[in-house]
Amino acid sequence: MRMSQYFLPTLKETPAEAQIVSHRLMLRAGLIRQTSAGIYAWLPLGLRVLRNIERIVREEQDASGAQEVLMPTIQSADLWRESGRYDAYGPEMLRIKDRHEREMLYGPTNEEMITVLFRDGVKSYRDLPRNLYHIQWKFRDEVRPRFGVMRGREFLMKDNYSFDIDKEGARRSYNKMFVAYLRTFARMGLKAIPMRADTGPIGGDLSHEFIVLADTGESAVFCHRGLVDKDILSREIDYDSDLQPIVNEWTSLYAATDEMHDKAAFEKIPEGDRLAARGIEVGHIFYFGTKYSAPMNAIVTGPNGDSVNVEMGSYGIGVSRLVGGIIEASHDEAGIVWPETVAPFKVALLNLKPDDATVSAACQKLYDALGASGQVLYDDRDLRPGAKFADMDLIGIPWQVIVGPKGLVAGKAEVKNRKTGQREELAFDDVVPRLA
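Since this is a predicted model, take the numbers as computed values, not measurements.

Just give me the short version of the sheet that holds strand β4 (residues 74–76), but keep the residues and values in it.
Judged by pairing direction, the sheet is antiparallel, and its 3 strands sit side by side in the order β4-β6-β5 without closing on themselves. If you trace the sheet from one side to the other, it starts and ends with β4 and β5 (94–97), each paired once. The average undirected angle you get between the axes of adjacent strands in this sheet is 40 degrees. With 3 bridges connecting them, β4 and strand β6 (residues 103–106) associate as antiparallel partners. The partner of Ser76 across the bridge, within β6, is Met104.

Here you go:
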């Protein structure tokens, strides 16, 4: 993609309403624009990041055995009355009526809808377990939306729901999602630590939040330092095996958000192993038994011919929130530093003298060679080199390939790693193999 043709409205000044780093950088780098309070349009660069995050989430859900569906954003109020949550949910729910005066709502979550879909489609324990997920927009009418996509009113969320015949099966489903979440966040370059959490309005008695450590995080967190060093990607995961030992590894060490913090238990940890920090919630998983299946009559025939209310769990990942979360965890004074797996482009190609035919020809040759996968953003604009360097550092593409008249005389281009700042001069023929 050529920057001269790309819709990328960057800003030099930080908008006054942006209070945290991710909000400031997302606006300045041209990822989003606010259209109303807590609601954002995703511009081309931001949408590429959003789609990369969505792809990783989808791949890990599929690998765990979950099956993708797509539920509508608008739900019937009758579903929520059936579960007993319609009046209890509060003003965060956007309640609306259609032209026939039927009461509807813009879904903040999908426990009720998925329970009905399951109830109408599964009748026997032989069809269990089941785990169904979708990636869909949600709406919660926050009283004070702030911090950009970190606490907006409209957001993209992956939510999925497990159905099992008994508590033992439900715990196995919970463990699958626990491990899938660890893998998902690790693939995005994040250290996400599972912390025992309050179940809140979702319900149930078992829940974990996945917290990304960041100095600008919204929550105070306390954990054993050993959790930061664990690597879930270094091992093979068999989702058909017993995953409890892996879950135990992560839950045997202390980890809590402020609301669940046990000061006495934390102080029993050797002082050098204690970590008090700030964090951002990027995922939340729940086991809540028959909280929804009982009132909504989600029953299957059990092995003995008896009727059984299925045991359920739900599992959420804030896909759009993750864009902000990654920036909070990975930025510097110059701008965003994207991990390669979620970056909008892998390589930025900078032409330092576009009015020089020889330089432009060399850049075109590199662009053709690097651009086969569509992962190159070519800065062919007629701007000063300093402005190009600033823009590329701001938008955070992992690799920069810099071509100018001086280097061209020597037959070389400069390659810069955005994260480390390390630069190296390479012969033109070595650039593509270096970045492959």
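From this point on, the discussion continues.
Can you lay out the pattern of salt bridges for me, pointing to particular residues and giving the numbers?
A complete count under the given rule lists 32 salt bridges for this structure. The shortest N-O distance in the salt bridge between Arg81 and Asp78 comes to 3.5 Å. On the criterion of helical spacing, the pair formed by Arg81 and Asp78 is a turn pair, its members being 3 residues apart in helix α3 (residues 77–83). Of the residues examined, Arg81 reaches a relative accessible area of 38% and is grouped as partly exposed. Classification of Asp78 as exposed rests on a relative accessible area of 53%. Of the charged contacts in the structure, one is a salt bridge between Lys353 and Asp355, with a shortest N-O distance of 3.7 Å. Residue Asp355 is classed as exposed on the basis of its relative accessible area, which comes to 61%. Put simply, Arg55, Glu59, Glu60, Arg183 and Arg187 are held in one network by salt bridges that share partners.

Describe the packing of helix α2 (residues 44–64) against helix α5 (residues 167–187), naming the residues involved and giving the relevant values.
Where α2 meets α5, the axes come as close as 9 Å, and the angle between the chain directions of the two elements is 150 degrees. If you check the angle between α2 and α5, you find them roughly antiparallel. Handedness of the α2/α5 crossing: right-handed. Listed contacts from α5 to Arg55, Ile56, Val57, Glu59, Glu60, Gln61 and Ser64 of α2 are Lys176, Met177, Ala180, Tyr181, Arg183, Thr184 and Arg187.

What counts, and where the lines are drawn
Residues numbered from 1 in each chain as written. Predicted model: local features only at pLDDT ≥ 70, side-chain atom pairs only at ≥ 80, totals over all residues. Heavy atoms only, no water. Pairing = 2+ DSSP bridges. Helix = DSSP H or I, 4+ residues; strand = E, 2+ residues; numbered from the N terminus. Axes fitted to C-alpha atoms, helices over the stretch in contact; angles between N-to-C directions. Salt bridge = Lys/Arg side-chain N within 4 Å of Asp/Glu carboxyl O. Buried < 20%, exposed > 50% of the residue type's maximum accessible area, 1.4 Å probe, protein only. Parallel < 35°, antiparallel > 145°, perpendicular 65-115°, else oblique. Left-handed = near helix turned anticlockwise from the far one by under 90°. Contact = heavy atoms within 4.5 Å.

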